[in-house]
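Secondary and tertiary structure notes
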Amino acid sequence: MNILVCISHVPDTTTKIKFTDNNTRLDVSGIQWVINPWDELSLTRALELKDDASCGINTVSVAHVGPVSAEPTIRKALAIGADNAYRVDTEPLDAYQVAAQLAQIVKAGAFDIILCGIESSDYNGSNVGGMLAEFLDLPSVSGISKLEIKEGKVHITREIDGGKEMLISPTPFVGIVQKGIAKEPRIAAMRGIMMARKKPIQLVDAVQTEPLSETLEFEPPKPRPACKFVDPDQPGKLIELLQNEAKVI
Amino acid sequence: MSVLVYTENWNGKFKKLSFELASYASELAEMAGIEPVAVSIGKVEQDELMKLAGYGIKKIISVEGENLDKFDTRTYSRLISDQAKNESATIIVLADNNRGKALAPRISVRLQAAVASGVTGLPEQTEPFRIKKRAFSGNAFATLELKTVVKILTLTQNSFDLREKSVEASIEKQTAENYDTGPGPEIQDVQIQTGKLLLADAEIVVSGGRGMKSADNWGPILELAQLLNGATACSRPVSDEGWRPHEEHTGQTGKVIAPNLYIAIGISGATQHLAGISGSKYIVAINNDKDAPIFDAAQYGIVGDAAKVLPKLVEALKVAGNS
Ligand SMILES: Cc1cc2nc3c(=O)[nH]c(=O)nc-3n(C[C@H](O)[C@H](O)[C@H](O)COP(=O)(O)OP(=O)(O)OC[C@H]3O[C@@H](n4cnc5c(N)ncnc54)[C@H](O)[C@@H]3O)c2cc1C
């Protein structure tokens, strides 16, 4: 079996987010870029499965849709252990365009398991995985918190309201992954970093697509009013405030 | 033309989220000058369906069918897309929960419809269609323009107030056939905790962080949550340590919630934690470090040792509850 992990390239989660050009664009100065946290966990899980010979995984590939500036992030995925990488050379404007480009990579390859993160921590869209599955007319499973391969079958646990569901999925399928899929993201070792330099990043020409939506502008969240402090010896005061001022209890 | 809303049910019953969706759809329909229509999938009794009319829904389509008992994303997205076409929907509304997130992108590709996910309010305008959504994990809002004829919105739970508005409604019963989408994922087993208030449904959430020191100290948090009719949550290190179950982890990589009240105890307020809770209407922080960033996000705070403050708070609440 072959696994494809779709990776998004996002600002490090501790970044102070600022905007420029009249708040129409993210100010990228000083930003540290990382692999989107869920994609990093998906990749980690894919590699764990490959390490276990009984799972029968031949290759783990990664795919990214975006300009050359994302190559360090792609190299990082290779250093962590992906066998090869694809990059579609275009600047997508919305999730629809990303999914349309990824679809051509999947169609051209022979992937059995295609993994996407539940969302990208920049636009919080939660759309790419589901769109990709629909473009390919493949089954999809969302909210995956566990992925195993036993006797050639793909076993999945997905989170549902108040519990979990255990499923077996046919392949190929698109898995949309959330927390739990792997414990800690795998870190690149020196050897991996050296090897990654020689691994190929295959450039793919973009297909023609139109975006369905456009981001017009950004704004920071409204500042909250200053915190009112209550004497720790008189917590009853807090109850009073919550009852009479905030009116939430 | 219409606003079509998918009102999810749980074992044949609607919950507050379903009525939030109905309220949102009927208000949006009013704004756009079109009709609000609800689609319910799976078996729901007549009087339960009629409850949607209490929130301004004039037409309720109830679809039943053999293979609709299990949730299959392909089947459900086809069904909702077809309903949207039949009803000439220009706006489709879904919940921003597990199901809504799974369906919206599939419907988007089927209908060539732009999606804004995780919206918390009505659009600023409908021609052209502009709406705000959460971005950068709570660190910003983005204004999107949806450029297609049909638009899809997923609504954040607990972000839109119920609007009671009784209207005359018709119910149309349908049986779904021809939705066999071929082999799909097969459910082997389901584990559901019944009777427990779900974190996403809770209006009050009491949450503990590493400052609680150990799993043994959770007693007062559970008691507080019970007294307030709330649910319990935690920060990531707490679930990583196994002090609390993973479903309780809130934040960037955990659950994103928007309760009316979030009480953070022994939580420092890292940006990744705030990403999951910044939509809360009120945040209370209890922390022994007066410089902890959580106090910048909180409206009310107590600087003190949780081990000492919590028992007093529980007592005070019991007194307030009895008076
Ligand atoms: C990619 C990424 C994603 C992440 N996602 C998440 C996420 O989704 N959710 C999340 O929560 N974190 C997440 N984190 C981790 C996050 O950065 C913080 O490390 C975490 O939120 C800290 O948890 P905490 O506040 O419980 O612990 P700490 O930061 O250790 O804070 C404990 C707090 O308790 C206080 N305290 C100590 N003793 C007492 C006492 N006796 N009484 C009262 N107060 C006391 C301390 O003053 C301190 O403020 C993520 C990190 C990364 C890198």
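The structure this text deals with has already been given above.
About the cut-offs
Residues numbered from 1 in each chain as written. Chains lettered and ligands numbered in written order. Predicted model: local features only at pLDDT ≥ 70, side-chain atom pairs only at ≥ 80, totals over all residues. Heavy atoms only, no water. Phe/Tyr/Trp six-rings, centres within 6.5 Å; stacked < 30°, edge-to-face > 60°. Helix = DSSP H or I, 4+ residues; strand = E, 2+ residues; numbered from the N terminus. Buried < 20%, exposed > 50% of the residue type's maximum accessible area, 1.4 Å probe, protein only. Contact = heavy atoms within 4.5 Å.

**Points about the packing of aromatic side chains**
- Scanning all chains against the criterion turns up 15 aromatic pairs over all chains.
- Geometrically, the ring pair formed by tyrosine 123 of chain A and phenylalanine 218 of chain A is tilted, given 6.3 Å between the ring centres and 35 degrees between the ring planes. With tyrosine 123 of chain A in the loop between strand S8 (113–117) and helix H4 (128–136) and phenylalanine 218 of chain A in strand S14 (residues 213–219), this pair connects stretches of sequence that are 95 residues apart.
- Since its relative accessible area comes to 42%, tyrosine 123 of chain A is described here as partly exposed.
- Here phenylalanine 218 of chain A falls in the buried class, since its relative accessible area comes to 3%.
- Their ring planes at 20 degrees and their centres at 4.8 Å tell us that phenylalanine 19 of chain B and tyrosine 55 of chain B sit as a pair that is stacked. Taken as a pair, phenylalanine 19 of chain B in helix H1 (residues 16–32) and tyrosine 55 of chain B in the loop between helix H2 (46–50) and strand S3 (59–64) lie far apart in primary sequence, 36 residues in all.

**Looking at the side chain of glutamate 87 of chain B**
- Here glutamate 87 of chain B is to be found in the loop between helix H3 (73–86) and strand S4 (89–95).
- Apart from the residues lying within four places of it in its own chain, the contact partners of glutamate 87 of chain B are Met1, Ser2, Leu4, Val37, Lys59 and Ile61 of chain B.

**Description of unusual backbone geometry**
- With omega at -5 degrees, the peptide bond leading from threonine 171 of chain A into proline 172 of chain A counts as cis.
- In this chain, glutamate 127 of chain B is followed by proline 128 of chain B through a cis amide linkage whose omega measures -15 degrees.
- Here proline 128 of chain B shows up in the loop between strand S6 (125–126) and strand S7 (129–135).
- With phi around 55 degrees, lysine 247 of chain A is a residue other than glycine that occupies positive phi space.
- Turning to its location among the elements, lysine 247 of chain A is positioned in the segment after helix H6 (236–245).
- A positive phi angle is found at serine 88 of chain B, which is not glycine, with a value near 45 degrees.
- Inspection of the secondary structure assignment puts serine 88 of chain B in the loop between H3 and S4.

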